[in-house]
There are 2 protein chains.
Amino acid sequence: MVVKDALSRGAVLDAATELVRAHGPGALTMRRLAAELGCAVTAIYWHVGNREALLDELVARTVEELGEIRAEGRTPAERAESVALALRRKLRARPHLIALVHERGLTELMMLPAQRALVHEAHAAGLRGTAAAEAVRALQFQIVGFVLVERNRERAPAQYPGEPDLWTAETAEQDPELATSFAAAPDLDTLFRTSVRGVISSLWEGDR
Amino acid sequence: MVVKDALSRGAVLDAATELVRAHGPGALTMRRLAAELGCAVTAIYWHVGNREALLDELVARTVEELGEIRAEGRTPAERAESVALALRRKLRARPHLIALVHERGLTELMMLPAQRALVHEAHAAGLRGTAAAEAVRALQFQIVGFVLVERNRERAPAQYPGEPDLWTAETAEQDPELATSFAAAPDLDTLFRTSVRGVISSLWEGDR
DNA sequence: ACCTGAACACCGTTCAAGT
DNA sequence: ACCTGAACACCGTTCAAGT
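Remember, it's a predicted structure, so these values are computed and weren't measured experimentally.

Draft legend 1. Expanded view of the protein's contact with DNA strand C. With respect to spatial proximity, 16 residues lie near DNA strand C, and among them A:Ala40, A:Trp46, A:His47, B:Arg31 and B:Thr42 are the closest. Among the atoms of DNA strand C close to the protein, meaning within 4 Å, 48% are from sugar or phosphate groups. Between a phosphate oxygen of DNA strand C and a side-chain N or O atom of A:His47, the distance comes to 2.4 Å. Between DNA strand C and B:Tyr45, the relevant distance is 3.1 Å, taken from a phosphate oxygen to a side-chain nitrogen or oxygen of the residue. Looking at the surface near DNA strand C residue by residue, the class counts come to nine nonpolar, five polar and two charged.

Draft legend 2. Summary view of the relation of the copies chain B and chain A. Its rotation angle being 180 degrees, the transformation that places chain B on chain A also includes 0.0 Å of axial translation and leaves an RMSD of 0.0 Å. Both copies of the chain, as the preceding transformation shows, are related through a two-fold rotation axis. The position closest to the rotation axis in chain B is occupied by the C-alpha of B:Gly145, lying 1.8 Å away. Both copies share a contact surface, since 100% of the interface residues of chain B are interface residues in chain A too.

Draft legend 3. View of helix 8 (residues 129–155) of chain A. Relative to the 39 Å expected for 27 residues at 1.5 Å per residue, helix 8 of chain A spans 39 Å between its end C-alpha atoms, a close match to the ideal helical length. When you tally the buried positions in helix 8 of chain A, you get 21 out of 27 residues, the bulk of the element.

Draft legend 4. View of the layout of surface pockets. Put simply, the second largest pocket is a space of about 840 Å³. Lining of the second largest pocket is provided by 30 residues; of these, A:Glu103, A:Arg155, B:Ala99, B:Glu103 and B:Arg151 occupy positions nearest its centre. Taken together, the elements giving at least two residues each to the lining of the second largest pocket come down to helix 6 (95–103) and helix 8 of chain A together with helix 4 (51–67), helix 6 (95–103) and helix 8 (129–155) of chain B. The residue makeup of the lining of the second largest pocket, split by class, is 10 nonpolar, 11 polar and nine charged.

Draft legend 5. Quick look at the side chain of B:Ser181. Take B:Ser181: it is sitting in helix 10 (residues 176–183). Not counting residues within four places of it along the chain, the set of residues in contact with B:Ser181 comprises A:Gly129, A:Thr130, A:Ala133 and A:Arg137.

Conventions and cut-offs
- Residues numbered from 1 in each chain as written.
- Chains lettered and ligands numbered in written order.
- Predicted model: local features only at pLDDT ≥ 70, side-chain atom pairs only at ≥ 80, totals over all residues.
- Heavy atoms only, no water.
- Near = heavy atom within 4 Å.
- Polar contact = N/O pair within 3.5 Å; in protein donor to acceptor, adjacent residues only side chain to side chain.
- Nonpolar A, V, L, I, M, F, W, Y, C, P; charged D, E, K, R; others polar.
- Least-squares fit on C-alpha atoms with pLDDT ≥ 70 in both.
- Contact = heavy atoms within 4.5 Å.
- Helix = DSSP H or I, 4+ residues; strand = E, 2+ residues; numbered from the N terminus.
- Expected span 1.5 Å × (residues − 1).
- Buried < 20%, exposed > 50% of the residue type's maximum accessible area, 1.4 Å probe, protein only.
- 1 Å grid on protein atoms, 1.4 Å probe; cavity = no way out; pocket = protein on both sides within 12 Å on 5 of 7 lines; lining within 4 Å.
- Points joined across faces, edges and corners; volume = space filled by probe spheres on them.

Treat this as a map of the structure, not an account of what it does.
Have a look at this one:
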(Lines give C-alpha, C1' and ligand atoms only; values in the text may rest on other atoms or scores of the structure.)
Protein backbone atom coordinates (compact mmCIF):
# COMPACT_ATOMS: atom_id res chain seq x y z
CA MET A 1 0.00 0.00 0.00
CA VAL A 2 1.35 3.36 -0.94
CA VAL A 3 1.21 5.90 1.85
CA LYS A 4 0.91 9.31 0.28
CA ASP A 5 3.53 11.56 1.82
CA ALA A 6 3.27 15.31 1.68
CA LEU A 7 4.64 16.63 -1.58
CA SER A 8 8.19 17.94 -1.32
CA ARG A 9 10.75 19.52 -3.60
CA GLY A 10 12.90 16.42 -3.33
CA ALA A 11 10.04 14.12 -4.31
CA VAL A 12 9.29 16.26 -7.37
CA LEU A 13 12.94 16.21 -8.45
CA ASP A 14 13.24 12.45 -7.93
CA ALA A 15 10.13 11.72 -9.97
CA ALA A 16 11.29 14.08 -12.71
CA THR A 17 14.74 12.48 -12.77
CA GLU A 18 13.17 9.07 -13.16
CA LEU A 19 10.99 10.21 -16.06
CA VAL A 20 13.90 11.85 -17.88
CA ARG A 21 16.33 9.03 -17.20
CA ALA A 22 13.91 6.42 -18.54
CA HIS A 23 12.18 8.17 -21.42
CA GLY A 24 14.03 11.40 -22.13
CA PRO A 25 13.09 15.04 -21.52
CA GLY A 26 10.18 14.81 -23.96
CA ALA A 27 8.44 12.51 -21.50
CA LEU A 28 8.64 15.13 -18.77
CA THR A 29 5.34 16.97 -19.02
CA MET A 30 3.95 18.75 -16.01
CA ARG A 31 0.69 16.87 -16.28
CA ARG A 32 2.38 13.47 -16.42
CA LEU A 33 4.62 14.40 -13.51
CA ALA A 34 1.58 15.48 -11.48
CA ALA A 35 -0.14 12.17 -12.25
CA GLU A 36 3.00 10.33 -11.12
CA LEU A 37 3.04 12.30 -7.87
CA GLY A 38 -0.71 12.17 -7.32
CA CYS A 39 -1.10 15.92 -7.02
CA ALA A 40 -2.54 18.77 -9.02
CA VAL A 41 -0.39 20.03 -11.88
CA THR A 42 -0.07 23.39 -10.26
CA ALA A 43 1.29 22.04 -6.97
CA ILE A 44 4.54 21.32 -8.79
CA TYR A 45 4.93 25.00 -9.57
CA TRP A 46 4.93 25.87 -5.92
CA HIS A 47 7.92 23.61 -5.25
CA VAL A 48 10.12 24.06 -8.28
CA GLY A 49 8.97 27.18 -10.11
CA ASN A 50 8.38 26.01 -13.66
CA ARG A 51 9.46 23.31 -16.09
CA GLU A 52 12.63 25.12 -17.10
CA ALA A 53 13.72 25.60 -13.50
CA LEU A 54 12.99 21.93 -12.85
CA LEU A 55 15.27 20.90 -15.70
CA ASP A 56 17.95 23.32 -14.48
CA GLU A 57 17.87 21.56 -11.14
CA LEU A 58 18.24 18.11 -12.74
CA VAL A 59 21.16 19.46 -14.74
CA ALA A 60 22.83 20.84 -11.60
CA ARG A 61 22.52 17.43 -9.94
CA THR A 62 24.08 15.75 -12.97
CA VAL A 63 27.00 18.16 -12.99
CA GLU A 64 27.64 17.33 -9.34
CA GLU A 65 27.56 13.59 -9.97
CA LEU A 66 30.05 13.92 -12.82
CA GLY A 67 32.37 15.79 -10.51
CA GLU A 68 33.28 12.69 -8.51
CA ILE A 69 36.27 11.53 -10.50
CA ARG A 70 39.59 10.10 -9.31
CA ALA A 71 42.53 8.64 -11.17
CA GLU A 72 43.75 5.08 -10.66
CA GLY A 73 46.91 3.30 -11.74
CA ARG A 74 50.67 3.64 -11.34
CA THR A 75 52.05 5.67 -14.23
CA PRO A 76 50.67 9.08 -15.23
CA ALA A 77 49.63 7.64 -18.60
CA GLU A 78 47.73 4.81 -16.90
CA ARG A 79 46.08 7.21 -14.50
CA ALA A 80 45.07 9.58 -17.30
CA GLU A 81 43.59 6.65 -19.20
CA SER A 82 41.63 5.60 -16.11
CA VAL A 83 40.12 9.08 -15.92
CA ALA A 84 39.11 8.84 -19.58
CA LEU A 85 37.48 5.44 -19.07
CA ALA A 86 35.66 6.53 -15.90
CA LEU A 87 34.42 9.65 -17.63
CA ARG A 88 33.06 7.69 -20.57
CA ARG A 89 31.31 5.28 -18.21
CA LYS A 90 29.65 8.08 -16.24
CA LEU A 91 28.59 9.95 -19.36
CA ARG A 92 27.07 6.83 -20.90
CA ALA A 93 25.12 5.98 -17.75
CA ARG A 94 22.85 9.04 -18.05
CA PRO A 95 22.67 10.03 -21.73
CA HIS A 96 19.48 12.09 -21.54
CA LEU A 97 20.69 14.12 -18.59
CA ILE A 98 24.07 14.68 -20.23
CA ALA A 99 22.26 15.92 -23.32
CA LEU A 100 20.46 18.45 -21.13
CA VAL A 101 23.78 19.57 -19.67
CA HIS A 102 25.05 20.03 -23.23
CA GLU A 103 21.96 22.00 -24.24
CA ARG A 104 22.45 24.37 -21.37
CA GLY A 105 26.11 24.84 -22.29
CA LEU A 106 27.42 23.51 -19.01
CA THR A 107 29.67 20.81 -20.41
CA GLU A 108 32.72 22.90 -19.56
CA LEU A 109 31.69 23.19 -15.93
CA MET A 110 30.81 19.51 -15.77
CA MET A 111 34.21 18.56 -17.14
CA LEU A 112 36.24 20.69 -14.74
CA PRO A 113 36.92 18.08 -12.04
CA ALA A 114 38.08 15.61 -14.69
CA GLN A 115 40.13 18.38 -16.27
CA ARG A 116 41.81 18.99 -12.93
CA ALA A 117 42.61 15.31 -12.58
CA LEU A 118 44.10 15.24 -16.08
CA VAL A 119 46.20 18.34 -15.42
CA HIS A 120 47.59 16.61 -12.35
CA GLU A 121 48.64 13.62 -14.45
CA ALA A 122 50.07 15.82 -17.20
CA HIS A 123 52.21 17.53 -14.57
CA ALA A 124 53.25 14.16 -13.16
CA ALA A 125 54.32 13.20 -16.68
CA GLY A 126 56.56 16.25 -16.79
CA LEU A 127 54.40 18.46 -19.00
CA ARG A 128 54.11 22.13 -18.10
CA GLY A 129 52.36 25.28 -19.30
CA THR A 130 50.85 25.44 -22.76
CA ALA A 131 51.98 21.93 -23.66
CA ALA A 132 50.14 20.54 -20.65
CA ALA A 133 47.02 22.59 -21.38
CA GLU A 134 46.92 21.47 -25.00
CA ALA A 135 47.44 17.83 -24.13
CA VAL A 136 44.60 17.94 -21.63
CA ARG A 137 42.29 19.79 -23.99
CA ALA A 138 42.96 17.43 -26.87
CA LEU A 139 42.15 14.48 -24.63
CA GLN A 140 38.96 16.17 -23.38
CA PHE A 141 37.75 16.80 -26.93
CA GLN A 142 38.60 13.22 -27.76
CA ILE A 143 36.61 11.78 -24.84
CA VAL A 144 33.53 13.97 -25.09
CA GLY A 145 33.47 13.76 -28.86
CA PHE A 146 33.68 10.00 -28.79
CA VAL A 147 30.83 9.68 -26.32
CA LEU A 148 28.66 12.04 -28.37
CA VAL A 149 29.28 10.05 -31.53
CA GLU A 150 28.67 6.65 -29.99
CA ARG A 151 25.52 7.83 -28.24
CA ASN A 152 24.24 8.94 -31.60
CA ARG A 153 25.09 5.58 -33.11
CA GLU A 154 23.31 3.67 -30.36
CA ARG A 155 20.19 5.77 -30.64
CA ALA A 156 20.19 5.24 -34.38
CA PRO A 157 17.35 3.09 -35.64
CA ALA A 158 17.92 0.51 -38.34
CA GLN A 159 19.34 2.50 -41.22
CA TYR A 160 18.69 1.95 -44.85
CA PRO A 161 20.92 2.02 -46.62
CA GLY A 162 23.51 1.43 -43.90
CA GLU A 163 27.16 0.46 -43.91
CA PRO A 164 26.51 -3.29 -44.32
CA ASP A 165 24.39 -2.61 -47.41
CA LEU A 166 26.78 -0.20 -49.05
CA TRP A 167 30.11 -1.82 -48.39
CA THR A 168 30.20 -4.80 -50.69
CA ALA A 169 33.42 -6.15 -52.20
CA GLU A 170 32.72 -4.16 -55.35
CA THR A 171 32.28 -0.79 -53.73
CA ALA A 172 35.30 -1.36 -51.53
CA GLU A 173 37.66 -1.06 -54.48
CA GLN A 174 38.61 -4.74 -54.59
CA ASP A 175 39.27 -4.96 -50.87
CA PRO A 176 36.90 -7.63 -49.52
CA GLU A 177 38.45 -7.61 -46.04
CA LEU A 178 37.70 -3.91 -45.75
CA ALA A 179 34.12 -4.53 -46.83
CA THR A 180 33.80 -7.17 -44.11
CA SER A 181 35.20 -4.77 -41.51
CA PHE A 182 32.74 -2.06 -42.40
CA ALA A 183 29.85 -4.52 -42.51
CA ALA A 184 30.41 -5.41 -38.85
CA ALA A 185 29.64 -2.98 -36.03
CA PRO A 186 32.84 -1.53 -34.59
CA ASP A 187 33.90 -2.62 -31.11
CA LEU A 188 33.45 0.73 -29.41
CA ASP A 189 35.27 -0.20 -26.19
CA THR A 190 38.35 -1.11 -28.17
CA LEU A 191 38.05 1.84 -30.51
CA PHE A 192 37.80 4.21 -27.56
CA ARG A 193 40.71 2.68 -25.70
CA THR A 194 42.86 2.68 -28.82
CA SER A 195 42.21 6.27 -29.74
CA VAL A 196 42.62 7.50 -26.15
CA ARG A 197 45.90 5.62 -25.85
CA GLY A 198 46.99 7.15 -29.13
CA VAL A 199 46.40 10.67 -27.89
CA ILE A 200 47.94 9.97 -24.50
CA SER A 201 51.03 8.31 -25.92
CA SER A 202 51.63 11.05 -28.47
CA LEU A 203 50.99 13.97 -26.11
CA TRP A 204 51.82 12.60 -22.66
CA GLU A 205 54.91 10.58 -23.37
CA GLY A 206 55.64 11.66 -26.95
CA ASP A 207 58.86 12.93 -28.45
CA ARG A 208 59.90 15.80 -26.27
CA MET B 1 5.17 43.94 -54.16
CA VAL B 2 4.94 40.27 -53.34
CA VAL B 3 2.98 38.29 -55.88
CA LYS B 4 1.41 35.37 -54.06
CA ASP B 5 2.26 32.23 -56.01
CA ALA B 6 0.28 29.06 -55.64
CA LEU B 7 1.50 27.05 -52.68
CA SER B 8 3.83 24.21 -53.62
CA ARG B 9 5.73 21.46 -51.87
CA GLY B 10 8.99 23.16 -52.74
CA ALA B 11 7.87 26.48 -51.30
CA VAL B 12 6.85 24.80 -48.05
CA LEU B 13 10.19 23.02 -47.78
CA ASP B 14 12.15 26.20 -48.53
CA ALA B 15 10.30 28.21 -45.92
CA ALA B 16 10.72 25.43 -43.37
CA THR B 17 14.44 25.16 -44.15
CA GLU B 18 14.82 28.88 -43.59
CA LEU B 19 13.02 28.77 -40.24
CA VAL B 20 15.09 25.83 -38.99
CA ARG B 21 18.37 27.18 -40.31
CA ALA B 22 17.84 30.53 -38.63
CA HIS B 23 16.13 29.66 -35.36
CA GLY B 24 16.31 25.90 -34.91
CA PRO B 25 13.64 23.21 -35.11
CA GLY B 26 11.78 24.65 -32.13
CA ALA B 27 10.88 27.65 -34.28
CA LEU B 28 9.24 25.43 -36.85
CA THR B 29 5.58 25.38 -35.81
CA MET B 30 2.92 24.66 -38.37
CA ARG B 31 1.11 27.86 -37.50
CA ARG B 32 4.21 30.03 -37.89
CA LEU B 33 5.05 28.31 -41.16
CA ALA B 34 1.52 28.94 -42.44
CA ALA B 35 1.81 32.60 -41.48
CA GLU B 36 5.12 32.78 -43.35
CA LEU B 37 3.53 31.23 -46.42
CA GLY B 38 0.29 33.18 -46.19
CA CYS B 39 -1.92 30.12 -46.21
CA ALA B 40 -4.10 28.19 -43.82
CA VAL B 41 -2.28 25.89 -41.42
CA THR B 42 -3.96 22.88 -42.90
CA ALA B 43 -2.84 23.60 -46.46
CA ILE B 44 0.67 22.55 -45.40
CA TYR B 45 -0.62 19.12 -44.54
CA TRP B 46 -1.81 18.56 -48.07
CA HIS B 47 1.68 19.16 -49.45
CA VAL B 48 3.99 17.52 -46.94
CA GLY B 49 1.87 15.22 -44.76
CA ASN B 50 2.69 16.34 -41.24
CA ARG B 51 5.42 18.01 -39.22
CA GLU B 52 7.46 14.87 -38.80
CA ALA B 53 7.40 14.14 -42.55
CA LEU B 54 8.42 17.73 -43.21
CA LEU B 55 11.44 17.38 -40.96
CA ASP B 56 12.29 14.05 -42.59
CA GLU B 57 12.38 15.82 -45.94
CA LEU B 58 14.68 18.57 -44.62
CA VAL B 59 16.93 15.87 -43.22
CA ALA B 60 17.03 14.05 -46.57
CA ARG B 61 18.06 17.27 -48.30
CA THR B 62 20.83 17.82 -45.77
CA VAL B 63 22.15 14.30 -46.24
CA GLU B 64 22.33 14.94 -49.99
CA GLU B 65 24.19 18.22 -49.53
CA LEU B 66 26.73 16.57 -47.28
CA GLY B 67 27.30 13.94 -49.95
CA GLU B 68 29.15 16.32 -52.23
CA ILE B 69 32.68 15.80 -51.00
CA ARG B 70 35.90 15.51 -52.95
CA ALA B 71 39.52 15.27 -51.87
CA GLU B 72 42.16 17.82 -52.83
CA GLY B 73 45.94 17.80 -52.54
CA ARG B 74 48.86 15.71 -53.73
CA THR B 75 49.68 13.09 -51.13
CA PRO B 76 47.06 10.72 -49.67
CA ALA B 77 47.60 12.29 -46.23
CA GLU B 78 47.00 15.78 -47.64
CA ARG B 79 43.92 14.60 -49.49
CA ALA B 80 42.53 12.86 -46.39
CA GLU B 81 43.09 16.03 -44.39
CA SER B 82 41.27 18.08 -47.03
CA VAL B 83 38.26 15.77 -46.69
CA ALA B 84 38.32 16.25 -42.93
CA LEU B 85 38.47 20.03 -43.27
CA ALA B 86 35.71 20.15 -45.90
CA LEU B 87 33.53 17.93 -43.78
CA ARG B 88 33.95 20.12 -40.72
CA ARG B 89 33.11 23.21 -42.78
CA LYS B 90 29.93 21.67 -44.17
CA LEU B 91 28.80 20.36 -40.81
CA ARG B 92 29.34 23.73 -39.15
CA ALA B 93 27.42 25.60 -41.85
CA ARG B 94 24.09 23.98 -40.89
CA PRO B 95 24.24 22.99 -37.23
CA HIS B 96 20.50 22.73 -36.61
CA LEU B 97 19.93 20.54 -39.63
CA ILE B 98 22.88 18.33 -38.74
CA ALA B 99 21.40 17.93 -35.26
CA LEU B 100 18.19 16.71 -36.89
CA VAL B 101 20.16 14.22 -38.97
CA HIS B 102 21.77 12.98 -35.74
CA GLU B 103 18.41 12.70 -34.00
CA ARG B 104 17.08 10.55 -36.79
CA GLY B 105 20.15 8.33 -36.64
CA LEU B 106 21.20 9.05 -40.20
CA THR B 107 24.71 10.25 -39.45
CA GLU B 108 26.11 7.01 -40.82
CA LEU B 109 24.33 7.46 -44.13
CA MET B 110 25.32 11.12 -44.29
CA MET B 111 28.95 10.24 -43.74
CA LEU B 112 29.14 7.55 -46.40
CA PRO B 113 30.40 9.66 -49.31
CA ALA B 114 33.13 11.10 -47.12
CA GLN B 115 33.88 7.62 -45.83
CA ARG B 116 34.29 6.44 -49.43
CA ALA B 117 36.68 9.30 -50.16
CA LEU B 118 38.71 8.45 -47.07
CA VAL B 119 38.86 4.76 -47.99
CA HIS B 120 40.22 5.79 -51.37
CA GLU B 121 43.00 7.77 -49.73
CA ALA B 122 43.74 5.00 -47.24
CA HIS B 123 44.17 2.64 -50.16
CA ALA B 124 46.37 5.15 -51.94
CA ALA B 125 48.50 5.26 -48.81
CA GLY B 126 48.96 1.51 -48.99
CA LEU B 127 46.53 0.50 -46.24
CA ARG B 128 44.30 -2.52 -46.85
CA GLY B 129 41.56 -4.49 -45.14
CA THR B 130 40.96 -4.10 -41.42
CA ALA B 131 43.80 -1.61 -40.97
CA ALA B 132 42.26 0.65 -43.61
CA ALA B 133 38.78 0.33 -42.11
CA GLU B 134 40.03 1.14 -38.61
CA ALA B 135 42.03 4.13 -39.79
CA VAL B 136 39.02 5.55 -41.62
CA ARG B 137 36.68 4.90 -38.70
CA ALA B 138 39.01 6.48 -36.17
CA LEU B 139 39.26 9.58 -38.36
CA GLN B 140 35.47 9.72 -38.80
CA PHE B 141 34.91 9.54 -35.03
CA GLN B 142 37.53 12.22 -34.61
CA ILE B 143 35.92 14.59 -37.10
CA VAL B 144 32.29 14.15 -36.07
CA GLY B 145 33.16 14.14 -32.39
CA PHE B 146 35.13 17.34 -32.70
CA VAL B 147 32.33 19.13 -34.51
CA LEU B 148 29.79 18.00 -31.92
CA VAL B 149 31.98 19.27 -29.09
CA GLU B 150 32.75 22.63 -30.66
CA ARG B 151 29.13 23.18 -31.59
CA ASN B 152 28.23 22.65 -27.97
CA ARG B 153 30.90 25.09 -26.89
CA GLU B 154 29.71 27.78 -29.27
CA ARG B 155 26.12 27.42 -28.19
CA ALA B 156 27.18 27.68 -24.59
CA PRO B 157 26.06 30.87 -22.88
CA ALA B 158 28.36 32.71 -20.49
CA GLN B 159 29.24 30.11 -17.90
CA TYR B 160 29.72 30.68 -14.25
CA PRO B 161 31.98 29.45 -13.02
CA GLY B 162 33.88 28.87 -16.26
CA GLU B 163 37.44 27.95 -17.08
CA PRO B 164 38.78 31.52 -16.76
CA ASP B 165 37.33 31.77 -13.25
CA LEU B 166 38.56 28.42 -12.04
CA TRP B 167 42.03 28.30 -13.49
CA THR B 168 44.03 30.71 -11.43
CA ALA B 169 47.74 30.28 -10.75
CA GLU B 170 46.87 28.68 -7.42
CA THR B 171 44.53 26.03 -8.72
CA ALA B 172 46.91 25.22 -11.55
CA GLU B 173 49.39 23.64 -9.15
CA GLN B 174 51.99 26.41 -9.44
CA ASP B 175 51.86 26.49 -13.23
CA PRO B 176 50.85 30.05 -14.20
CA GLU B 177 51.40 29.46 -17.92
CA LEU B 178 48.92 26.61 -17.83
CA ALA B 179 46.43 28.82 -16.03
CA THR B 180 46.83 31.43 -18.77
CA SER B 181 46.31 28.82 -21.48
CA PHE B 182 43.09 27.57 -19.92
CA ALA B 183 41.85 31.12 -19.33
CA ALA B 184 41.96 31.84 -23.07
CA ALA B 185 39.55 30.24 -25.49
CA PRO B 186 41.24 27.51 -27.52
CA ASP B 187 41.91 28.13 -31.20
CA LEU B 188 39.53 25.53 -32.57
CA ASP B 189 40.84 25.63 -36.15
CA THR B 190 44.33 24.85 -34.95
CA LEU B 191 43.15 22.28 -32.44
CA PHE B 192 41.16 20.50 -35.13
CA ARG B 193 43.98 20.52 -37.66
CA THR B 194 46.47 19.31 -35.08
CA SER B 195 44.38 16.42 -33.84
CA VAL B 196 43.37 15.36 -37.36
CA ARG B 197 46.98 15.43 -38.48
CA GLY B 198 47.87 13.38 -35.41
CA VAL B 199 45.39 10.67 -36.32
CA ILE B 200 46.33 10.72 -39.99
CA SER B 201 50.06 10.61 -39.36
CA SER B 202 49.81 7.78 -36.85
CA LEU B 203 47.34 5.67 -38.84
CA TRP B 204 47.95 6.67 -42.47
CA GLU B 205 51.69 6.88 -42.53
CA GLY B 206 52.56 5.39 -39.14
CA ASP B 207 54.96 2.59 -38.31
CA ARG B 208 53.90 -0.31 -40.47
C1' DA C 1 2.74 27.47 3.91
C1' DC C 2 0.85 24.51 0.70
C1' DC C 3 -2.45 23.00 -2.72
C1' DT C 4 -6.54 23.30 -5.88
C1' DG C 5 -9.43 24.06 -10.31
C1' DA C 6 -10.50 27.19 -13.86
C1' DA C 7 -8.78 29.71 -17.53
C1' DC C 8 -5.51 31.28 -21.12
C1' DA C 9 -2.55 30.99 -25.01
C1' DC C 10 -0.21 27.99 -27.34
C1' DC C 11 0.70 23.27 -29.86
C1' DG C 12 -0.11 19.25 -33.94
C1' DT C 13 -3.62 16.94 -36.28
C1' DT C 14 -8.16 15.40 -38.34
C1' DC C 15 -11.98 16.06 -41.17
C1' DA C 16 -15.99 17.57 -43.45
C1' DA C 17 -16.76 21.17 -46.45
C1' DG C 18 -15.74 24.22 -50.06
C1' DT C 19 -13.81 25.53 -54.99
C1' DA D 1 -6.48 18.76 -57.12
C1' DC D 2 -5.99 22.05 -53.75
C1' DC D 3 -7.35 24.80 -49.78
C1' DT D 4 -10.31 26.31 -45.83
C1' DG D 5 -12.25 26.77 -40.85
C1' DA D 6 -13.92 24.32 -36.99
C1' DA D 7 -12.88 21.11 -33.63
C1' DC D 8 -10.09 17.95 -30.73
C1' DA D 9 -6.59 16.58 -27.58
C1' DC D 10 -2.69 17.93 -25.97
C1' DC D 11 0.94 21.49 -23.96
C1' DG D 12 3.05 25.19 -20.02
C1' DT D 13 1.67 28.77 -17.15
C1' DT D 14 -1.03 32.18 -14.26
C1' DC D 15 -4.01 33.29 -10.67
C1' DA D 16 -7.67 33.78 -7.51
C1' DA D 17 -9.40 30.89 -4.20
C1' DG D 18 -9.26 27.52 -0.72
C1' DT D 19 -7.23 25.16 3.77
